[in-house]
2 protein chains.
Amino acid sequence: MQTILQIDFPFVGPFAEEMHQAMQALAESIIEEPGLIWKIWTENPSTQEAGGIYLFSDEQSAQNYLAMHSARLTASGVTDIRAKLFAVNAPLSQICQGPIQ
Amino acid sequence: MQTILQIDFPFVGPFAEEMHQAMQALAESIIEEPGLIWKIWTENPSTQEAGGIYLFSDEQSAQNYLAMHSARLTASGVTDIRAKLFAVNAPLSQICQGPIQ
């Protein structure tokens, strides 16, 4: 079942184009992760937060990625990671043009 | 600037197809909201939560929707609504095939 992973955490930057430059190689690796369909990178300079919205093909892939990514974030100094997994309600999402598959 | 709104809240059901049946008319109204590009409907029966991931064309539309939708949820008995707004990092999202526009 397709699974949404939403992650956010306190983040002091870089944001916007500087974030792009700093994390381009990471993004190129993330899209190769097993089961990942897409990721939207999220950022909020005013609240000093960042994160991501991910769509995975199945729940196990999402759980595996979350374990790996949480460890990677923690190793880079990120604390207070907030992560939630959700199933997609496909028919309601389709009515709302949600980009599921 | 395109804006992600992530919302989740405690929810005891209905889930899955019963949720679809109960909320089809609501979904048909939501896709008509100003500035909304898409919504993915999210649900987690095991944690008793539900919510949505939304992409809006601009931050003001997202804030307007959040105010309206929070009042609607509260009126229907939902409490402890957790909502966050984020800008989209477009170049990183494009690398990860994120469904932005």
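What counts, and where the lines are drawn
- Residue positions are counted from 1 within each chain, in the order its sequence is given.
- By the order in which they are written, chains take letters starting at A while ligands take numbers starting at 1.
- Residue-level local features of this predicted model are given only where pLDDT is at least 70; pairs of side-chain atoms are given and counted only at 80 or more, and the full residue set underlies all totals for whole chains, interfaces and linings.
- Side-chain measures here rest on the full set of heavy atoms in the structure, leaving out hydrogens and waters.
- Only runs of H or I of at least four residues qualify as helices and only runs of E of at least two qualify as strands under DSSP, and these elements are numbered from the N terminus.
- For the radius of gyration, the atom set is restricted to C-alpha positions; the globular benchmark scales as 2.2 Å times the number of residues to the power 0.38.
- The cut-offs for exposure are 20% and 50% of the maximum accessible area for each residue type, with area from a 1.4 Å probe on protein chains only; residues under the lower value are buried, those over the upper are exposed, and the others partly exposed.
- Residues count as neighbours in contact if any of their non-hydrogen atoms are within 4.5 Å of one another.
- Areas reported as accessible are Shrake-Rupley estimates using a 1.4 Å probe. Residue values count occlusion only from the protein chains shown.
- Within this scheme the basic residues Lys and Arg register as positive and the acidic residues Asp and Glu register as negative, but His and the chain ends are omitted.
- We put the charge of a Lys on NZ, of an Arg on CZ, of an Asp on CG and of a Glu on CD.
- For this analysis, a salt bridge means a side-chain nitrogen from Lys or Arg found within 4 Å of a carboxyl oxygen belonging to Asp or Glu.
- The term buried area refers to how much accessible surface (probe radius 1.4 Å) is lost by two components on association, counted for both of them together.
- In the analysis that follows, any N or O atom pair within 3.5 Å is treated as a polar contact, provided that within protein one partner can donate a hydrogen and the other can accept it, and provided that, for residues neighboring in sequence, both atoms belong to side chains.
- Throughout this entry, Asp, Glu, Lys and Arg are counted as charged residues, while Ala, Val, Leu, Ile, Met, Phe, Trp, Tyr, Cys and Pro are counted as nonpolar. The remaining residues, Gly among them, count as polar.
- At least two DSSP bridges between two strands are needed for those strands to be called paired.
- Here the copies are superposed with least squares, the fitted atoms being C-alpha atoms of residues at a pLDDT of at least 70 in both.

Trainee: Where do I start with the overall build of chain A in this structure?
Mentor: Helix and strand counts for chain A come out as three helices and four strands. Relative to a compact globule of 101 residues, whose C-alpha radius of gyration would be 13 Å, chain A shows 14 Å and is just as compact. Once the C-alpha set of chain A is aligned to its principal axes, its extents read approximately 40 × 25 × 25 Å. Counting all 101 residues of chain A, 51% fall into the buried class. Look at the contacts in chain A between residues 6 or more apart in sequence, and 66% of them connect residues 24 or more apart. Here chain A displays about 4,500 Å² of accessible surface, and carbon together with sulfur accounts for 55% of that area. For chain A, the distance from the average site of its 4 positive side-chain charges to the average site of its 11 negative ones is 7 Å.

Trainee: So what exactly am I meant to see when it comes to the pattern of salt bridges here?
Mentor: Once the charged atoms of two side chains with opposite charge are near each other, the side chains can pair. Counted under the stated rule, the structure contains 10 salt bridges over all chains. Notably, a salt bridge pairs D8(A) with R82(A), separated by 2.6 Å at the nearest N-O pair. Separated by 74 residues along the polypeptide, D8(A) in strand β1 (residues 3–10) and R82(A) in strand β4 (residues 82–88) bring together distant segments of the chain. A relative accessible area of 3% means that D8(A) is categorised as buried. Linking D80(A) and R82(A) is a salt bridge whose minimum nitrogen-to-oxygen distance equals 2.9 Å. Taken together, the shared-partner salt bridges connect D8(A), E49(A), D80(A), R82(A) and K84(B) into one network.

Trainee: Can you help me understand the interface of chain A and chain B in this one?
Mentor: Interfaces are often described in size by the accessible area the parts lose on coming together. Counting residues at the interface gives 40 residues for chain A and 40 residues for chain B. The junction of chain A with chain B conceals about 3,400 Å² of combined surface from both sides, 67% of it contributed by carbon and sulfur atoms. Its largest share of buried area at the contact with chain B, chain A owes to F86(A), L92(A) and C96(A), together 18% of the area lost on that side. At the junction of chain A with chain B, the criterion picks out four salt bridges. The closest approach of N and O atoms between E49(A) and K84(B), which form a salt bridge, is 2.5 Å. Our count for the chain A to chain B interface comes out at 18 residue pairs in polar contact (both at pLDDT 80 or more). Secondary structure elements with two or more residues in the side of chain A that touches chain B: β1, α1 (16–30), β2 (36–44), β3 (49–56), β4 and α3 (90–95) of chain A. By residue class, the composition of the side of chain A that touches chain B is 23 nonpolar, nine polar and eight charged.

Trainee: Sorry, what's going on with the pairing of β4(A) here?
Mentor: As a general feature of sheets, a regular strand has side chains that alternate between the two faces. Summarising the sheet, β1(A) and β4(A) pair through six bridges and their orientation is antiparallel. The partner of D8(A) across the bridge, within β4(A), is R82(A). Sheet topology places β4(A) next to strand β2 (residues 36–44) of chain B; two bridges connect them, and they run antiparallel. Considered in β2(B), the bridge of A87(A) is made with E43(B).

Trainee: How should the relation of the copies chain A and chain B be read in this particular structure?
Mentor: Related by rotation about an axis and a shift along that axis, the two copies of the chain form a pair. Least-squares fitting of chain A to chain B yields an RMSD of 0.0 Å, with the transformation described by 0.0 Å of translation along the axis and a rotation of 180 degrees. The transformation just described matches what one would write down for a two-fold rotation axis. The position closest to the rotation axis in chain A is occupied by the C-alpha of P99(A), lying 3.3 Å away. The overlap is high: 100% of the interface residues of chain A also sit at the interface in chain B, so the same surface is used on both sides.

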